[in-house]
2 protein chains.
Amino acid sequence: MGKYKQRASAVNDKQDNLYAMRHSLAHIMATAVMKLWPEAKLGVGPVVENGFYYDIDVEGVNISDEDFPKIEQEMKVVIKADQTFERTDKAIDEAIEWAKGAKQPYKVELLNDLKRAGTTLTKDLDPAELGTIAGADVKKDSASFYTNGDFTDLCRGPHVESTGKVGAFKLMRVAGAYWRGKEDNPQMQRLYGVAFETQEELDKYLKMLEEAKARDHRRLGKELDLFTFSEMVGSGLPLFTPRGTILRELLGHYSQSLREKRGFEQVWTPHMTKNDLYKKSGHWDKFGEELFLVQSQETSDELVLKPMNCPHHIQIFNSQPRSYRDLPIRYMENTTDYRDEKSGELHGLSRVRSLTQDDSHVFCRVDQIEDEVTSLVQAADEMYKELDMELKFRLSFRDDSDAYLGDKKLWTEAQAKLEKLAKDNKLDYYTEDGEAAFYGPKIDFIAVDAIGREWQVATVQLDFVQPERFELSYTDSDGSFVQPIMIHCALLGTIERFLSVYIEHTAGRFPLWLAPEQVRVLQINDQVAEYVMKVKQILSGVVLMKPLKYNELRYEVDERNESLGKKIREAEVMKIPVLLIVGPQDQSAGTVSVRTQDGESKIKLDELGGWLEKQSG
Amino acid sequence: MGKYKQRASAVNDKQDNLYAMRHSLAHIMATAVMKLWPEAKLGVGPVVENGFYYDIDVEGVNISDEDFPKIEQEMKVVIKADQTFERTDKAIDEAIEWAKGAKQPYKVELLNDLKRAGTTLTKDLDPAELGTIAGADVKKDSASFYTNGDFTDLCRGPHVESTGKVGAFKLMRVAGAYWRGKEDNPQMQRLYGVAFETQEELDKYLKMLEEAKARDHRRLGKELDLFTFSEMVGSGLPLFTPRGTILRELLGHYSQSLREKRGFEQVWTPHMTKNDLYKKSGHWDKFGEELFLVQSQETSDELVLKPMNCPHHIQIFNSQPRSYRDLPIRYMENTTDYRDEKSGELHGLSRVRSLTQDDSHVFCRVDQIEDEVTSLVQAADEMYKELDMELKFRLSFRDDSDAYLGDKKLWTEAQAKLEKLAKDNKLDYYTEDGEAAFYGPKIDFIAVDAIGREWQVATVQLDFVQPERFELSYTDSDGSFVQPIMIHCALLGTIERFLSVYIEHTAGRFPLWLAPEQVRVLQINDQVAEYVMKVKQILSGVVLMKPLKYNELRYEVDERNESLGKKIREAEVMKIPVLLIVGPQDQSAGTVSVRTQDGESKIKLDELGGWLEKQSG
């Protein structure tokens, strides 16, 4: 599949009331800060996901979370005063004089840049971009301001009517940030707050954050011994232990099994290619700095690590002449791509440099699009039901801009097809214009986790462009050469990122079929050792068939000379789904004591295998 | 596993009679060339695998295989004359004068270098290396020569007694070669010959070559649609089609299944690392130019692609404290390594830049070495029996040089252990001193293919050095920290290279369990379409359990409106192991006609599944 977003939800729409509330709170926080530290120098204060921040520089003062109560107190005073937000426009020179008078050097700098940008359009001074940084409406010779009470700020709005209408908020944290993001500039303090329309929503969000912290996949990854990082290997390059590898492999196989029964065949491609491949595909320009460049010492080849797999799969399609009867041709490959993410953005398994995609590509005729996409959507639906995650579907369509390639008529038809099949399959979908890939419309799959967070996990994308660039063709029934359509699809998205989501969704309590260690036998004492052998024999014969076939039971036996209490506690820390406690009473009764999340019960030995097989799927 | 040889057999030992024969034939070929083209300038003429060559430069003459009969004829004259080979030593200046007089400028150059090397030892002039290039014994002030009849050559011998004692030979080919391997030097013509002690052996070898040509895995790879190369992706980077991927995956899974039942657990590691890892392991110096360097555009990380996996697996071992009770810890991973082979050495799947190893590492106590190695040797034995290849075992031991690291006592003990277990397991083994890895002794597995060629396929290596370099330890029963031993093992070696051997071994006629398409149903006409549906239903339920479990039957149905003859021919080209021919007679009799390599027979429909399951393993 092509480039995708790693984050599902974005900053709210500017037309939105919540956006205005959050933006107004940034001004109110600045008002409070100026009250507390009148010498404070202000940077910029935009709206971000779930809230807002303001960059502040108070000489000699290190604002910390201990200051939050008094800043919040001052903010509440401003809110209670219900000051009206009033917009004014100042001529640019007047604005600069104002900023100088207010002793706001960062604003002076911005306004000077705005002035230069307004008169001479130079490459490094794009007025739109500057306006965004400054958060102000910039015309050739004026800039916009907003005032509440005695606080005035360079700003383009929008704001709520008055400071009383900002909903519920909470200051969250303070972090260092370079002025305008450049390391050579002074370091400022970035104060973050979150805000929602109601206190109830805010409380819900804060509760979610707490739950998310308890479920942090990085902590669970360590506790459950799933993966590790090594300084010598490098950041963003996780290494998976035996337990984590079981998760990876089973999820990957499950994803492939869903497509195998839909006619997909595995292929294998190397992780490296000459950059010629991406010059042809167009990714060379688009992926730019995200590409890892590889230097051959023995040849003059210019190589790169693959950041996606479509051009490789295209080479396999192109290795043989194809006929209309051969289509659809469906390739799938779980393979690792490499993207040179900024080190500051790397985060556990959520954002890595080695991303294993459960990737697939269909090469088909135009009349086959609908069946193929439907089949993949149903596969995704089946998968996320099985994984107990709600799935939403976004139809990402083009807008009227010229950012999209390919025949416009083809787009219209394809988008109509996607919407029709979304309706036919009764998907919980919404459409969003301007979210298409440049090469075609797509369906994005948004999974909702146990604590209500939304994650873009997978995507089905139509592609009119790469078949054209690589001059793909098949022989039609009349002997003519016709260009096929490509469909890109990954069900999990990337296995690493999906695991980060899924570990937090389940809090590490994986379903039986997926758990690295599914069953642990706790042998109460040595007297039952022989009986435990019998239990082991039964467990060795258990093969789960759902949702993944031929899933041989993974069990351990704790036969240490330790107390049962200790053994149970240790097994619970590891979140083993099924504990089988075996003591002398069980031996005489021919039973085992089964302990799961649902409670404890006795099961006869000859029913144990069947019971376990029934527990999955 | 560590660095390994990609080629099993090497040039014969210099003490060997066959070596002397081949070397003498190089002189005899030069004698013949000088007779035919007296103006010929001679380069060097060493012994190579199976024969010899001589580099020759005849101005204005392009020697081709059309000249071979007359060169061979002249050689036979020399052989018949049974000239004695006589050694003389010339003072170095005298030798130079001789070469000038003989109008042999390449010899003059070599002798001048030898002279300089003999007096001033400079870095670029190593006398031993020069001696090898020149093939002469070099002392401080003299060089050795051999004469037969009126032909004299700078040479260190050894030779057979006289030209009549050179066995059977044949000139094979001529190829361009730069003088002393440097592109700036003149291009010479390299005449290759093969030679054996008897005509029978030569004939056998030539027949083997012909068979090898017919089995060439590059041709079969294309015909059977197993893999492809793309110029845009680059040389040495094969892409596997669906059929080839089935082979890769099944072989890889089979190799893993053999180790899984011996307690190995899968791990997963990225294909990239900071070079810090190899600086620590020592591979940074050893692998040198074979490493692909990776450039990060976003960070200052100095990265490389992994050429082996041991240091990665060590990071996983090291991610937790380990106790003596935890050992042995056994990791396995089928993963692709990247080595920057010279482009001239790349060859089909035999020599690639993307090598997928079925790699594994055991971390164990000294007292566990024997059991662990035995277990792996038995796994290899089981595998190659199943693959119908004879296996030889070479115990590669150290010699008395100081090229080996680690405690000498440990070496002696370990080598004795290896030899004992080879005897205990009744292996067909031989020992070879000086063939150990620098970090420990090893057992190399040599597979013999259907046409008698030997290939080093796999290896079990003891390693005393990396545990030391990475400061690995476990807590012993007395609480002390002890360093574990590492055992490296790959059963297939690299999957790509093994496939190149195995495709040629089987001539593309894979055993049933492994064949990409195992069964093809040939429907004689549309009247039996409904009956064929029943056949399909049966085939869909067939799951092979040997040698790999849960191997669902892969079948296709040829229901085209074509003649049966054509359908059979096409299926035979693809070397499908089982053809099921279904016609009206079968329909009425409730049978199918089965066609395999063993002939044709009728099988009742209700016995078909069972029959197929019995065909594998």
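None of these values were measured; they are calculated from a predicted model.

Peer 1: Help me understand the relation of the copies chain B and chain A, please; the structure alone is not making it clear to me.
Peer 2: These two copies of the chain differ by a rotation about an axis and a displacement along the same axis. When chain B is fitted onto chain A, the two copies agree to an RMSD of 0.2 Å after a turn of 180 degrees and an axial shift of 0.0 Å. Expressed as a symmetry operation, the mapping of one chain copy onto the other fits a two-fold axis. Nearest to the rotation axis, the C-alpha of V294(B) is located 2.2 Å from it, this being the minimum over chain B. Both copies contact each other with a shared surface, as 100% of the interface residues of chain B are interface residues in chain A too.

Peer 1: Explain helix α3 (residues 92-101) of chain A to me, please; I cannot follow it from the model alone.
Peer 2: Since the α-helix packs 3.6 residues into each turn, any two residues three or four apart lie on the same face. All names here are of chain A. Within the sequence span of α3, burial applies to I92, A95, I96 and A99. Buried residues along α3 cover an arc of 100 degrees about the axis, so they all sit on one side. Once α3 ends, the next one or two residues include K103, with phi positive near 55 degrees.

Peer 1: Help me out: how do you make sense of the interface of chain B and chain A in this one?
Peer 2: Interfaces are often described in size by the accessible area the parts lose on coming together. Every contact between the two is made by 65 residues of chain B and, on the other side, 65 residues of chain A. Broken down residue by residue, the surface that chain B buries against chain A is led by M232(B), W268(B) and E298(B), which jointly contribute 15%. At the boundary of chain B with chain A, the tally comes to six salt bridges. One salt bridge in this structure joins E552(A) and K549(B), with 2.6 Å as the shortest N-O distance. One can count 36 residue pairs in polar contact (both at pLDDT 80 or more) joining chain B with chain A. Tallying contributions element by element places helix α8 (residues 242-260) of chain B first for the side of chain B that touches chain A, with four residues. Here the side of chain B that touches chain A is built from residues that sort into 24 nonpolar, 23 polar and 18 charged.

Peer 1: Explain the packing of helix α1 (residues 17-36) of chain A against helix α2 (residues 68-81) of chain A to me, please; I cannot follow it from the model alone.
Peer 2: The geometry of a pair of packed helices is captured by two quantities: the angle between their axes and the separation between those axes. All names here are of chain A. Running from N to C, α1 and α2 cross one another at 115 degrees; their axes reach a closest spacing of 8 Å. The pairing of α1 with α2 is recorded here as roughly perpendicular in orientation. As for the relative orientation of α1 and α2, their crossing is right-handed in sense. Listed contacts from α2 to L25, I28, M29, T31, A32, V33, K35 and L36 of α1 are K70, I71, E74, M75, V78 and I79. Among the residues making up the contact of α1 with α2, the classes are represented as 10 nonpolar, one polar and three charged.

Reading the values: the criteria
- Residues numbered from 1 in each chain as written.
- Chains lettered and ligands numbered in written order.
- Predicted model: local features only at pLDDT ≥ 70, side-chain atom pairs only at ≥ 80, totals over all residues.
- Heavy atoms only, no water.
- Least-squares fit on C-alpha atoms with pLDDT ≥ 70 in both.
- Contact = heavy atoms within 4.5 Å.
- Buried < 20%, exposed > 50% of the residue type's maximum accessible area, 1.4 Å probe, protein only.
- Helix = DSSP H or I, 4+ residues; strand = E, 2+ residues; numbered from the N terminus.
- Arc of directions from axis to C-beta.
- Buried area = accessible area lost by both parts, 1.4 Å probe.
- Salt bridge = Lys/Arg side-chain N within 4 Å of Asp/Glu carboxyl O.
- Polar contact = N/O pair within 3.5 Å; in protein donor to acceptor, adjacent residues only side chain to side chain.
- Nonpolar A, V, L, I, M, F, W, Y, C, P; charged D, E, K, R; others polar.
- Axes fitted to C-alpha atoms, helices over the stretch in contact; angles between N-to-C directions.
- Parallel < 35°, antiparallel > 145°, perpendicular 65-115°, else oblique.
- Left-handed = near helix turned anticlockwise from the far one by under 90°.

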